[in-house]
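Working through the structure, step by step
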Amino acid sequence: MAKTKWNLIFATFIVSCVSLIVLIVSLCTPYWITSEAYESNASGNSEINYGLFSGSLTQNFLPNSRYYTLTLTCLYHEYVCAYSCQEDEESRTEEVLQLLKGLPPADCPSSSSRMLPLVHRIDPPIFPQNRQASANIDRSNFINTGLWVSTVVFIGIAISFAAISASFSIINVLFNPIEPVFSVFGLYIWNGVALGSTALCMIMWGALFASTLADNIAITDTLTTQIPYSSDGLASLGVCYWILLLSILLHGLNVGLLLWRKRIVNKEPPPTTIDVDRSDLTIIMY
């Protein structure tokens, strides 16, 4: 058992658990982006929020609001992603492909009992020149697949190493591992990787927001060219993004606690040693 200042090691266990909860909540909740979308003929702005995988859309085109569920859909061979309101994977993939071609998407299905029957969208006819122009759709309005995948990978790494940090903290409280990587020294590594991965996750999503989402939040309504909604300047980074700063601070706190413990241990006087004169025959007799 690591009896020397074990209470500080136990504190790192508590802090790592809190960070792990923060990371999981951030990953699973749909508030990485909050935005509104404007359309000149609508009675009010649409309200949108979504996370890394799903979200919701409140459309106020008519006086009565309509509610939809958004799901992220990626066309990996095209390197683009968008949030679709369709219910099944095949329909979502088809919708994103239609948007990429500049063609009108299908109507969003009802997803709430509060919704009134949908008023079908009247799509303008697609003339040959429209189809030709569809090849010139601005792909920068779609979510960059590489940045999104990087964000998910880094937050996954952060969650894994936060869990590892918590596990080895309690192991070092109860036992005294011999291998350096499993001992207190290893806690510096686990916390450092968790901190760095969380920071990289924020950088990736921040880059995606600055390059795309600040101008177009990449949902069906803002990507369609027939009845275009605009979210330019209306989007902001949500609370689920900003709470990642708390995780960074917590792992930084863990490193600080470990350094503090090291300093205290180094200041303690070394244990008393008794030098035995082996040439003393009296001691040998005993």
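Located above this text is the structure these notes cover.
Residues numbered from 1 in each chain as written. Predicted model: local features only at pLDDT ≥ 70, side-chain atom pairs only at ≥ 80, totals over all residues. Heavy atoms only, no water.

Here we come to the sheet that holds strand E2 (residues 46-50). Strand pairing within a sheet occurs via backbone hydrogen bonds; the two strands may be parallel or antiparallel. Read from one edge to the other, the open sheet built from seven strands follows the order E6-E5-E4-E3-E2-E1-E7, with strand pairing classed as antiparallel. Looking at the sheet topology across the chains shown, the edges are occupied by strand E6 (143-144) and strand E7 (236-237). Summarising the sheet, strand E5 (residues 80-84) and E6 pair through two bridges and their orientation is antiparallel. When the sheet's bridge partners are listed, Cys81 is paired in E6 with Ile143. (Pairing = 2+ DSSP bridges. Helix = DSSP H or I, 4+ residues; strand = E, 2+ residues; numbered from the N terminus.)

The subject of this paragraph is the nonpolar core. Membership of the largest hydrophobic core comes to 49 residues, with the highest contact counts inside it found for Trp32, Tyr50, Ile143, Ile155, Trp205 and Leu213. Residues within four places of Ile143 in sequence aside, it is in contact with Leu72, Tyr79, Val80, Cys81, Tyr83, Trp148, Leu208, Leu213 and Ala218. Grouped together as the second largest cluster of nonpolar side chains are seven residues, Val173, Val184, Leu187 and Trp190 included. (Core = buried A, V, L, I, M, F, W, Y, C linked by side-chain atoms within 4.5 Å. Buried < 20%, exposed > 50% of the residue type's maximum accessible area, 1.4 Å probe, protein only. Contact = heavy atoms within 4.5 Å.)

All right, on to the packing of helix H4 (residues 145-174) against helix H5 (residues 184-213) then. Where H4 contacts H5, the axes come no closer than 8 Å and their chain directions differ by 160°. On the basis of their axis angle, the class for H4 and H5 is roughly antiparallel. The way H4 lies across H5 gives a crossing that is left-handed. Broken down by class, the residue content of the contact of H4 with H5 amounts to 21 nonpolar, nine polar and no charged. (Axes fitted to C-alpha atoms, helices over the stretch in contact; angles between N-to-C directions. Parallel < 35°, antiparallel > 145°, perpendicular 65-115°, else oblique. Left-handed = near helix turned anticlockwise from the far one by under 90°. Nonpolar A, V, L, I, M, F, W, Y, C, P; charged D, E, K, R; others polar.)

The topology assignment puts His251 in helix H8 (residues 244-267). Not counting chain neighbours up to four residues away, the residues in contact with His251 comprise Ser19, Ala162, Asn191, Ala194 and Leu195.

The subject of this paragraph is the packing of helix H1 (residues 6-28) against H5. Taken N-terminus to C-terminus, the directions of H1 and H5 make an angle of 25°; their axes are 12 Å apart at the nearest point. Here H5 runs roughly parallel to H1, going by the angle between their axes. Handedness of the crossing formed by H1 with H5: left-handed. Residues Ile9, Thr12, Ser16 and Leu23 of H1 form the contact with H5, whose participating residues are Val184, Leu187, Asn191 and Thr198. Counted by class, the contact of H1 with H5 contains four nonpolar, four polar and no charged residues.

A few words on unusual backbone geometry. Even without a glycine there, the phi angle at Tyr79 is positive, about 60°. Overall, the relative accessible area of 61% leaves Tyr79 in the exposed class. Despite not being glycine, Ala218 has its phi angle at roughly 60°, a positive value. Note that Ala218 resides in the loop between H5 and helix H6 (220-223).

Taking 1.5 Å of rise per residue, the 24 residues of H8 would be expected to cover 34 Å, and the 35 Å separating its terminal C-alpha atoms lies within 8% of that figure. Along H8, the residues that are buried comprise Leu244, Ser247, Ile248, Leu250, His251, Asn254, Leu257, Leu258 and Arg261. Where H8 is buried, its residues meet H1, H4, H5 and helix H7 (239-242). (Expected span 1.5 Å × (residues − 1).)

Everything listed here is a matter of coordinates, which is why it stays silent on function.
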